[in-house]
Amino acid sequence: QFIEMKVHVMEVRLELLSVEVFAMHQVAEKVEVVGALSIKTRRVLKGHTNKVLCMDWCKDKRRLVSSSQDGKVIVWDGFTLNKEHGMSMPTTWVMACAYAPSGCAVACGGLDNKCSVIPLSLDSNENCAAKKKTVAMHTNYISGCTFTNSDMQLLSCSGDGTSALWDVESGQLLQSFHGHTSDILSLDLAPSETGNTFVTGGCDKKANVWDMRSGQNIQSFECHESDINCVKYYPSGDAFASASDDATCRFFDLRADREVAVFQKDSIVFGASTVDFSLSGRLLFAGYNDYTINVWDVLKGTRISMMFGHENRVSRVRLSPDGTALCSASWDNTLRVSRSFPHE
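Quick caveat, the model's predicted, so the values are computed rather than measured. (Residues numbered from 1 in each chain as written. Predicted model: local features only at pLDDT ≥ 70, side-chain atom pairs only at ≥ 80, totals over all residues. Heavy atoms only, no water.)

S.K.: Just to check I follow, could you spell out the overall build of the protein for this structure?
M.R.: Helix and strand content of the protein: two helices and 28 strands. Looking at the protein as shown, the accessible area adds up to about 15500 Å², and 49% of this sits on carbon and sulfur atoms. (Helix = DSSP H or I, 4+ residues; strand = E, 2+ residues; numbered from the N terminus. Areas by Shrake-Rupley, 256 points an atom, 1.4 Å probe, with all protein chains shown as cover.)

Following this line, the structure appears as structure tokens:
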């Protein structure tokens with residue numbers, strides 16, 4: 001019976017594939033065009049002495065954490081530009097960092113193959129790094145990490161081709177996820193309170209969706225022609241975007257089980273390194289290796305704005321939790337906080 005059911009599911013899928021599929025921009029033809037954007041850099045955060053590789057916002061919408069090739073993890077006040085904590089790690093290339101949901105800890109990892117959790121103190125003079133605790137261990141570099149919906153569990157992904165779910169308190173491996181055939185470069189947790197799925201992208205050009213409870217790879221997409229550098233869920237959780245070295249960003253609908261949009265232009269020849277959505281999901285911010293950030297209209301598939309200012313590759317773009325600020329991290333050693341998205 002189970003085999004019959006699987007065959008039936010495959011037949012239905014093949015039927016769906018044979019139906020004429022309209023691209024999202026065709027469906028959205030009558031939708032109003034997004035008005036002109038006025039996005040200005042309000043803050044430049046300077047403190048790292050080498051490439052900034054990652055950053056993440058705190059849920060308080062004010063603080064953020066960054067990690068760098070200089071081996072430092074810095075917690076910033078995004079309003080005052082104050083450095084609240086500066087922590088030295090035992091390795092350079094701290095490639096991943098994440099804020100805990102409570103705002104009381106950060107996680108980070110990199111070339112030491114470990115992901116550590118550091119509790120934060122209200123006293124900025126206290127040596128927080130001394131209290132760091134190794135939670136995750138991989139057999140190759142840590143490329144990404146994120147807390148689940150509590151401070152008690154941590155997801156990590158690695159150059160060893162696996163991702164894993166860990167118990168923060170005990171450091172115990174709760175679930176491992178196998179399915180990529182090369183380095184995983186990015187992961188993102190589904191944006192729901194009961195978020196039991198996450199998506200990963202990597203050097204095998206695949207984006208895989210996983211069930212956290214079973215460890216199963218439940219959906220897989222292979223449309224890019226080169227490494228997938230970043231994956232990010234759409235705010236509703238029903239879709240995700242990817243950024244690749246093939247100079248395109250792509251949009252995948254999980255319910256349709258297919259790619260529904262490609263964001264590209266002939267003039268864009270450099271790889272896309274990072275993506276994030278505006279709060280409504282109408283805009284897609286994409287950072288590129290030519291130092292720019294392109295802003296795409298998700299529905300129409302057109303580029304509506306370009307942001308300049310960085311002097312090297314943009315490694316990360318992240319919208320603040322309230323949607324009012326965009327932070328970009330770059331290999332030019334700085335982070336820039338930009339504001340004002342009028343149509344939102």
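S.K.: Sorry if this is basic, but what is going on with the nonpolar core here?
M.R.: Nonpolar side chains in soluble globular proteins generally cluster together in the buried interior. Grouped together as the largest cluster of nonpolar side chains are 19 residues, with contacts concentrated most on Cys 249, Phe 251, Phe 263, Val 275, Leu 284, Tyr 288 and Trp 296. Contact partners of Tyr 288, with chain neighbours within four places excluded, come to Ala 247, Cys 249, Ile 268, Phe 270, Gly 271, Ala 272, Ser 273, Asn 294, Trp 296, Arg 313 and Val 314. (Core = buried A, V, L, I, M, F, W, Y, C linked by side-chain atoms within 4.5 Å. Buried < 20%, exposed > 50% of the residue type's maximum accessible area, 1.4 Å probe, protein only. Contact = heavy atoms within 4.5 Å.)

S.K.: How do you make sense of the pairing of strand S15 (residues 197-202) when you look at a structure like this?
M.R.: Here is the key point about a regular strand: its side chains alternate between the two faces of the sheet. Counting buried positions along S15 gives five out of six residues, so the element sits mostly inside the fold. Where strand S14 (residues 184-189) lies against S15, five bridges are found, and the strand directions are antiparallel. Within the sheet, the bridge partner assigned to Ser 186 lies in S15 and is Gly 201. In this sheet, strand S16 (residues 207-211) lies alongside S15 in antiparallel orientation, the contact comprising five bridges. Considered in S16, the bridge of Thr 197 is made with Asp 211. (Pairing = 2+ DSSP bridges.)

S.K.: I tried to follow the sheet that holds strand S23 (residues 283-288) on my own but got confused; where do I start?
M.R.: Sheet strands line up and pair through hydrogen bonds in the backbone, either parallel or antiparallel. Across the sheet, which stays open at both edges, the four strands sit in the order S22-S23-S24-S25 with antiparallel pairing between neighbours. The sheet terminates laterally at strand S22 (272-277) and strand S25 (303-307), the two strands that pair on one side only. Between one strand axis and the next, the sheet turns by 20 degrees as a mean value, whatever way the strands run. Note: strand S24 (residues 293-297) against S25, four bridges, orientation antiparallel. Looking at the pairing, Trp 296 lines up with Arg 303 of S25. (Axes fitted to C-alpha atoms, helices over the stretch in contact; angles between N-to-C directions.)

S.K.: Can you walk me through the environment of Val 106 in this structure?
M.R.: By the secondary structure assignment, Val 106 is in strand S7 (residues 105-109). Take Val 106: its relative accessible area is 0%, and that puts it in the buried class. A C-alpha to C-alpha distance of 9.1 Å links Val 106 and Phe 147, two positions 41 residues apart in sequence. Apart from the residues within four sequence positions on either side, Val 106 is in contact with Val 65, Val 75, Met 87, Ala 98, Tyr 99, Ser 116, Val 117, Ile 118, Leu 120 and Phe 147.

S.K.: Explain the environment of Ala 241 here, please?
M.R.: For Ala 241, the location among the structural elements is in strand S19 (residues 239-244). The residues contacting Ala 241, other than those within four sequence positions of it, are Cys 230, Val 231, Lys 232, Arg 250, Phe 251, Val 275, Phe 277 and Leu 284.

S.K.: Where do I start with the sheet that holds strand S20 (residues 249-253) in this structure?
M.R.: Sheet architecture is open: four strands sit in the order S18-S19-S20-S21, paired in antiparallel fashion. Two strands lie at the open edges of the sheet, namely strand S18 (228-233) and strand S21 (258-263), each paired on one side alone. For this sheet the average axis-to-axis angle between neighbouring strands, irrespective of direction, equals 25 degrees. When S18 meets S19, the two strands line up antiparallel, connected through five bridges. Opposite Lys 232, over in S19, you have Ala 241 as the bridge partner.

S.K.: Help me understand the packing of aromatic side chains in this model?
M.R.: Aromatic rings considered in pairs are described by the distance between their centres and by the relative angle of their planes. A complete count under the given rule lists eleven aromatic pairs for this structure. Their ring planes at 90 degrees and their centres at 5.2 Å tell us that Tyr 234 and Phe 277 sit as a pair that is edge-to-face. Note that Tyr 234 is positioned in the loop between S18 and S19 and Phe 277 in strand S22, a separation of 43 residues in sequence. An angle of 70 degrees between the planes, with centres 5.9 Å apart, marks the rings of Phe 251 and Phe 277 as edge-to-face. On the criterion of sequence distance, the pair formed by Phe 251 in strand S20 and Phe 277 in strand S22 is long-range, its members being 26 residues apart. For Phe 251, a relative accessible area of 5% corresponds to the buried category. Since its relative accessible area comes to 3%, Phe 277 is described here as buried. Each member of the aromatic cluster is reached from another via a ring pair, and the members are Phe 177, Phe 198 and Trp 210. Seen from the ring of Trp 331, Lys 51 lies directly overhead, with NZ or CZ sitting 4.1 Å from the centre. The positively charged end of Arg 313 is found above the aromatic ring belonging to Trp 331, 4.1 Å away from the centroid. (Phe/Tyr/Trp six-rings, centres within 6.5 Å; stacked < 30°, edge-to-face > 60°. Lys NZ or Arg CZ within 6 Å of the ring centre and 35° of its normal.)

The values are spatial; any link to function lies outside them.
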